[in-house]
Amino acid sequence: MNKNRAVLYLRLSKEDADKVKRGDDSASIKNQRLLLTDYAKMHAFEVVKIYSDDDESGLYDDRPQFEQMMRDAGMGMFDIIIAKTQSRFSRNMEHIEKYLHHDLANLGIRFIGAADGTDTDKEDNKKSRQIHGLVNEWYCEDLSRNIRSSFRAKMKAGQFLGASCPYGYVKDKNDHNHLVIDAYAASVVRRIYRLYLSGYGKARIASVLSSEGILIPTLYKRLVLGENYYNAKASDTTKHWSYQTIHTILNNETYTGCLVQNRVNTISYKDKKKKKLPRDEWIIVPHTHEPVIEPELFQMVQDRQKARTRSLRTKEEAGIFSGFVYCADCGHAMSRRYARHGDKKCNGYICRTYKTHGKRFCESHGIDMEPLKEAVFCSIKEEARRILNPQDIRELKKIQAQPDDSNGCLVQLEQIQAGIERTEQFKRKTYRNYLEDVISKEDYLAYALEYEKELEQLRAQKSAMETKARSRQEEAGQADTWAEAFADYMNVPQLTRDMVLELIERIEVNRDGSIRVYYQFGQA
């Protein structure tokens, strides 16, 4: 059997693409194909298939066409692999040993590097192949080190290096390393923060946004911003907001105007696996862009999440005040006090300093659970009566009843943007028709003037719609969240953990057993 069935393997990496842009197109896919096709003809090889990986690093073997080629090799579909050089096949020494000197050798498949003389049929060629493999790997290691050093310097200088911006921001058209606010998405982010601080859980917020048809960040980036964005955690059919998406937004410090980068790093330049870095290794640069969320508001959300987490760790009723009760004298958090007999449930709180170090450091502050619950509940009721009157409640309910048509504004914005893009495309086609003498200069000028008028109208409509969308969001946020929260609790029959989380900052217990409640926006 004449073993001359050959396949060609072509590969172009990001570094090669940069070279082609600068004028050296010897590494381009097109020229690799021509070189290898001529080489095959010259040596009377029959080319049965061509495999081509574009924008793929030679360090990894999970390249789509490379993997297909190796599967086909195992099925005996060819006898020879021809690449421009050994480095086109792989720049990883481990892969050179695995594939060239083991797998392909066992399959009886020959590898040829047309430009560097690599040939696995030549036994005396093996040492040079191994030397080339080491040199190629060293090159990648040095390149990786230089790139990382350059990236860190840019991060420390406050330049954004992410492929895609956090939801709520877009890249500055004049400086792609700078973030600017995307008005619509930022309004959704602000609403998420408001809902969370008003007592909504993350899953409930996700349900509210989904029910209103608001696009999830992945779809928004694709359909509205036109980005070629891919999220490994969201499939193409995902249309609903998730708990994790809300959680990520509520914990993204970038919204405060800080640039937070270098949170993950690759384990090795030869491995795509990434590891999370501890916070002290993150690169955080403040005041690099306009904040969507004020730092104080962001911190309130972080504190609220910690309090909620503490409450979820226990199912017993005592968790209602977990993280909120403090000694009025020493200022430290109070410890739970448990019954010595019976079911041993928490029956109150005692000063942790006194319990641990004795009366030399603090007095014996303590309070029973039932009096504490009654005192806090009465305080909330009194505060509600103090800050609200019947007219306030009617106004709040009127605002709450107003429909939220922000999604309708978004749909109209999408339609207007599509019209702008379509008209600009028609204008470009008309210009090409003029250049190709399909239409006269007079016709081209007439068409161009008509299209420009249409574009002006569409841009004006877009500007007006964006203003309307912002106005709707501002109107929705004008309600006094604090008063609204108290309005919800005017007539509740008993104290709940949600009430404590939403309204209270801390509760201080005095020596005589009396308490002082500090609210999120004031104190009793």
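Bear in mind the structure is a predicted one, so any value in this text is a computation, not a measurement. Note on numbering: residues in each chain are counted from 1, in written sequence order. A pLDDT threshold of at least 70 governs which residues receive local features in this predicted model, and a stricter bar of 80 or more applies before side-chain atom pairs are shown or counted, although totals over entire chains, interfaces and linings include all residues. The side-chain figures draw on all heavy atoms in the structure; neither hydrogens nor water molecules are used.

Looking only at helices and strands, one finds 18 helices and 17 strands in the chain. Counting over 524 residues, the chain shows a buried share of 40%. Contacts between residues were defined by any pair of non-hydrogen atoms, one from each residue, lying within 4.5 Å. Summarising the internal contacts of the chain: among those between residues at least 6 apart in sequence, 65% fall at separations of at least 24. Carbon and sulfur atoms make up 50% of the accessible area of the chain, which amounts to about 30,000 Å² in all. For helices the rule is a DSSP run of H or I covering at least 4 residues; for strands it is a run of E covering at least 2, with both sets numbered from the N terminus onward. Whether a residue is buried, partly exposed or exposed follows from its accessible area with a 1.4 Å probe, protein chains only, as a fraction of its type maximum: under 20%, in between, or over 50%, in that order. Working definition of accessibility: Shrake-Rupley area with a 1.4 Å probe, residue cover restricted to the visible protein chains.

Our next topic: the pairing of strand β5 (residues 169-172). Judged from the four bridges that link them, β5 and strand β6 (residues 175-181) form a sheet pairing that is antiparallel. If you follow Y169 over to β6, its bridge partner there is I181. Two strands are counted as paired when DSSP detects at least two bridges linking them. Between β5 and β6, which follow one another and run antiparallel, lie two residues.

We now examine the packing of helix α3 (residues 64-74) against helix α5 (residues 93-107). Geometry is summarised by axes, namely lines fitted to C-alpha atoms with helices restricted to the contacting stretch, and by angles between N-to-C directions that run from 0 to 180 degrees. Between α3 and α5, the shortest axis-to-axis distance is 9 Å and the interhelical angle comes to 35°. Across the interface between the two elements, F66, M70, A73 and G74 of α3 pack against Y99, L104 and L107 of α5. In the contact of α3 with α5, the residues fall into six nonpolar, one polar and no charged. Only Asp, Glu, Lys and Arg are considered charged, only Ala, Val, Leu, Ile, Met, Phe, Trp, Tyr, Cys and Pro nonpolar, and every remaining residue, Gly among them, polar.

With that settled, consider the packing of aromatic side chains. The criterion for an aromatic pair is that two Phe, Tyr or Trp rings (for Trp, the six-membered ring) have centres within 6.5 Å, with stacked assigned to planes under 30 degrees apart, edge-to-face to planes over 60 apart and tilted to the rest. Tallied over the entire structure, the rule returns eleven aromatic pairs. Both rings, one in Y193 and one in F298, keep their centres 6.4 Å apart while their planes meet at 35°; by these two values the pair is tilted. With Y193 in helix α7 (residues 183-197) and F298 in helix α11 (residues 295-312), this pair connects stretches of sequence that are 105 residues apart. The pair Y193 / F298 is uniform in exposure class, with both members buried. Grouped by ring-pair contacts, the aromatic residues Y9, F66, F89, Y99 and F111 constitute a single cluster. Geometrically, a charge over a ring is one whose NZ (Lys) or CZ (Arg) sits within 6 Å of the ring centre while staying within 35 degrees of the ring normal. When the ring centre of Y326 is taken as origin, the NZ or CZ atom of R506, which lies over that ring, is 3.9 Å away.

A separate point is the sheet that holds strand β2 (residues 46-54). With respect to topology, four strands assemble into an open sheet ordered β2-β1-β3-β4, the strand pairing being parallel. Only two strands of the sheet have a single neighbouring strand rather than two, namely β2 and β4 (110-113). On average, each strand axis in the sheet is tilted by 20° relative to the strand beside it, whichever way the strands run. Here strand β1 (residues 5-12) pairs with strand β3 (residues 80-83) via four bridges, running parallel. Across the sheet, residue L8 finds its bridge partner in β3, namely I82. Against the sheet, α3 touches β1, β2 and β3, its axis set at about 150° to β2.

This next bit is on unusual backbone geometry. Where the residue is not glycine, phi is negative for most of them; where a peptide bond is considered, it is trans in most cases. Of note, A44 is a non-glycine position whose phi angle comes to about 60°, a positive value. Within the secondary structure, A44 is located in the loop between α2 (29-42) and β2. Positive phi outside glycine occurs at N262, with the angle close to 60°.

Regarding helix α9 (residues 217-224), the residues found buried are P217, T218, L219, Y220 and K221. Downstream of α9 by a residue or two, G226 has a phi angle that is positive, lying close to 75°.

For α2, built from 14 residues, the straight-helix expectation of 20 Å at 1.5 Å per residue is met to within 8% by its first-to-last C-alpha distance of 20 Å. Every buried residue of α2 is listed here: I29, Q32, L36, Y39 and A40. All buried residues of α2 project into a common sector of 100° when viewed along the axis, lining one side. Opposite the buried face of α2, at more than 90 degrees from it, the exposed residues are K30, K41 and M42. Of the surrounding elements, those touching the buried residues of α2 are β1, β2, β3, α4 (86-89) and β4. In a helix, the anticipated span is given by 1.5 Å times the number of residues less one. Our arc is simply the arc of the directions from the helix axis toward the C-beta atoms.

Hydrogen bonds between backbone groups are what pair the strands of a sheet, and the pairing can be parallel or antiparallel. If you trace the three strands from one edge of the open sheet to the other, you get β12-β13-β14, paired in antiparallel fashion. Edge strands, defined here as strands with exactly one partner in the open sheet, are β12 (334-338) and β14 (366-368). Taken over all neighbouring pairs, the strand axes of this sheet differ in orientation by 25° on average, direction set aside. Pairing of strand β13 (residues 346-351) with β14 involves three bridges; the strand directions are antiparallel. Across the sheet, Y349 pairs through a bridge with I367, a residue of β14.

This part is about the environment of K373. Secondary-structure assignment places K373 in helix α13 (residues 369-387). The class for K373 is buried, based on a relative accessible area of 14%. Distance from K373 to I320, taken between C-alpha atoms, is 9.0 Å for residues 53 residues apart in sequence.

A separate point is the packing of α7 against helix α8 (residues 202-211). Where α7 contacts α8, the axes come no closer than 10 Å and their chain directions differ by 135°. What the angle tells us is that α7 and α8 run oblique. The way α7 lies across α8 gives a crossing that is right-handed. Taken together, the residues of α8 that come into contact with α7 (itself represented by V188, R191, I192, L195 and Y196) are K202, I205, V208 and L209. For the contact of α7 with α8, the per-class residue count stands at seven nonpolar, no polar and two charged. Convention used here: angles under 35 degrees read as roughly parallel, angles over 145 as roughly antiparallel, angles from 65 to 115 as roughly perpendicular, and any remaining angle as oblique. It is the rotation of the near helix from the far one that decides the hand of a crossing: anticlockwise by less than a right angle makes it left-handed, clockwise makes it right-handed.

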